[in-house]
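# Summary of structural features
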Amino acid sequence: MILDTQQLRFAYNGTDILKNIDFQVAPGELLAILGPNGVGKTTLLKCINTIHRPHDGAILVEGTDVLRMRPNDIATRVGYVAQRSEPARLTVFDAVLMGRKPHIRWRTAARDLQIVDAALRHLHLEGKTLRRIDQLSGGELQKVCIARALVQEPRLLLLDEPTSALDLKNQIEIMRLIRRVVDEHGIGAVMTMHDLNKAMRYADTILMLKDGEIHSYVPTSRVTAAMIETVYGLAVEIHHINGYPLVIPRDEAVH
Ligand SMILES: Nc1ncnc2c1ncn2[C@@H]1O[C@H](COP(=O)(O)OP(=O)(O)OP(=O)(O)O)[C@@H](O)[C@H]1O
């Protein structure tokens, strides 16, 4: 397993936000965490990335407890794309190169530069390498953050709403890129998402949170309208168009 979370519990100021969180991510698996605003999706990613320390339970990455890993070992195994990032006065190139830092021993090697170049090309940022990231649009900055996580060559990629600031074409390109990296490199990925259709189109597994606990944890093909209705409190239908699932809200209340 790439990721194994066991009976996680996390509280802010004594109030439980997450409890009984148990799930696994296998090599080549993309898991989407869904659930309403404020349910704890970001908090869960931050626990996995050791930004927060769970109050109970364990998080294993390739069999090793992340809380016992040195920061550099975490950084070579886990890449994290935050929901919001603080843009610094760095160029795009330098910001992406920073993702190689955990791998660089003495000084930047030719391979580091090749990996950075490739990531910039994949994200269509090659024309903006010398732009300062505090002068980018929200979507451009989001792509820089994804490029920085990819050059880390992590075994586990954590993405907090990776397409939220992107236009339709960029959303699809980023989802295809994430899918390809997961498939080709056999890594695991966990993303939070509000767009159910995109999650169901690209993820292998869906994990839905409700009231701080796992409500549903199923292969994408097993997601039902009833699950979505209970978690979001919204009546929906799931249709398939050209083989892709499409969630359509119905104009009626759920009790
Ligand atoms: N630093 C903090 N201190 C106290 N409470 C917090 C803190 N950060 C988040 N919370 C609360 O914890 C809960 C979970 O927040 P979190 O950001 O994990 O939710 P989310 O599911 O990612 O939400 P969204 O979909 O709106 O991004 C929310 O009620 C939030 O207000």
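Residues numbered from 1 in each chain as written. Predicted model: local features only at pLDDT ≥ 70, side-chain atom pairs only at ≥ 80, totals over all residues.

Per an unreviewed UniProt entry, the protein chain is named Iron complex transport system ATP-binding protein, and its organism is Desulfoprunum benzoelyticum. Of the protein chain, the UniProt comment under Sequence similarities (unreviewed entry) reads exactly: "Belongs to the ABC transporter superfamily." (UniProt positions renumbered as here; feature names shortened; annotations may be inferred.)

What follows is about the UniProt feature "domain: ABC transporter" (unreviewed entry) in the protein chain. When the UniProt feature table is mapped onto this chain numbering, "domain: ABC transporter" (unreviewed entry) sits at residues 3-236. The annotated region residues 3-236 carries 35% helix and 26% strand content, and the separation between its end C-alpha atoms amounts to 31 Å. (Helix = DSSP H or I, 4+ residues; strand = E, 2+ residues; numbered from the N terminus.)

Attention shifts here to helix α1 (residues 41-48). Looking at α1, one finds that the buried residues are K41, L44, L45, C47 and I48. Buried residues along α1 cover an arc of 160° about the axis, so they all sit on one side. (Buried ≥ 20, exposed ≤ 12 C-beta atoms within 10 Å, placed from the backbone. Arc of directions from axis to C-beta.)

When the terminal C-alpha atoms of helix α5 (residues 138-151) are compared, their 20 Å separation across 14 residues agrees well with the 20 Å that a helix rising 1.5 Å per residue should span. Of all 14 residues in α5, eleven are buried, a share of seventy percent or more. Those residues of α5 that sit buried are L141, Q142, K143, V144, C145, I146, A147, R148, A149, L150 and V151. Where α5 is buried, its residues meet β6 (78-81), α3 (92-97), α4 (110-122), β7 (156-160) and α6 (168-185). (Expected span 1.5 Å × (residues − 1). Contact = placed C-beta atoms within 7 Å.)

Turning our eyes to something else, we now look at the pairing of β7. For β7, the tally of buried residues reaches five of five residues, placing the bulk of the element in the interior. Burial along β7 is two-sided: L156, L158 and D160 and L157 and L159, pointing in opposite directions, are all buried. Bridging between β6 and β7 involves four bridges; their strand directions are parallel. When the sheet's bridge partners are listed, Y80 is paired in β7 with L158. Sheet topology places β7 next to strand β8 (residues 188-192); five bridges connect them, and they run parallel. For L158, the partnering residue across the bridge sits in β8 and is V190. Between the parallel elements β7 and β8, the chain passes through α6 in a crossover that is right-handed. (Pairing = 2+ DSSP bridges. Right-handed = clockwise from strand over helix to strand, strands pointing away.)

Pairing is antiparallel in the open sheet, where four strands are placed in the order β2-β1-β4-β5. This sheet does not close on itself; its edge strands, each paired only once, are β2 (15-25) and β5 (64-65). Sheet topology note: the strand β1 (residues 3-12)/strand β4 (residues 56-61) ladder contains five bridges and is antiparallel. Looking at β4, one finds that T5 is bridged to I59. Packing of α1 onto the sheet brings it into contact with β1, β2 and β4, and relative to β1 it is tilted by some 120°. (Axes fitted to C-alpha atoms, helices over the stretch in contact; angles between N-to-C directions.)

Strand pairs in the sheet, formed through backbone hydrogen bonds, run parallel or antiparallel to each other. The six strands are arranged β6-β7-β8-β3-β9-β10 in an open sheet whose pairing can be described as mixed. The open sheet is flanked by β6 and β10 (213-219), the only strands paired with a single partner. Across the sheet, the mean angle separating the axes of adjacent strands is 15° when strand polarity is ignored. Across the sheet, α5 touches β6 and β7, and the angle it forms with β6 is around 180°. Across the face of the sheet, α6 comes into contact with β3 (30-34), β7 and β8 while running at roughly 135° to β3.

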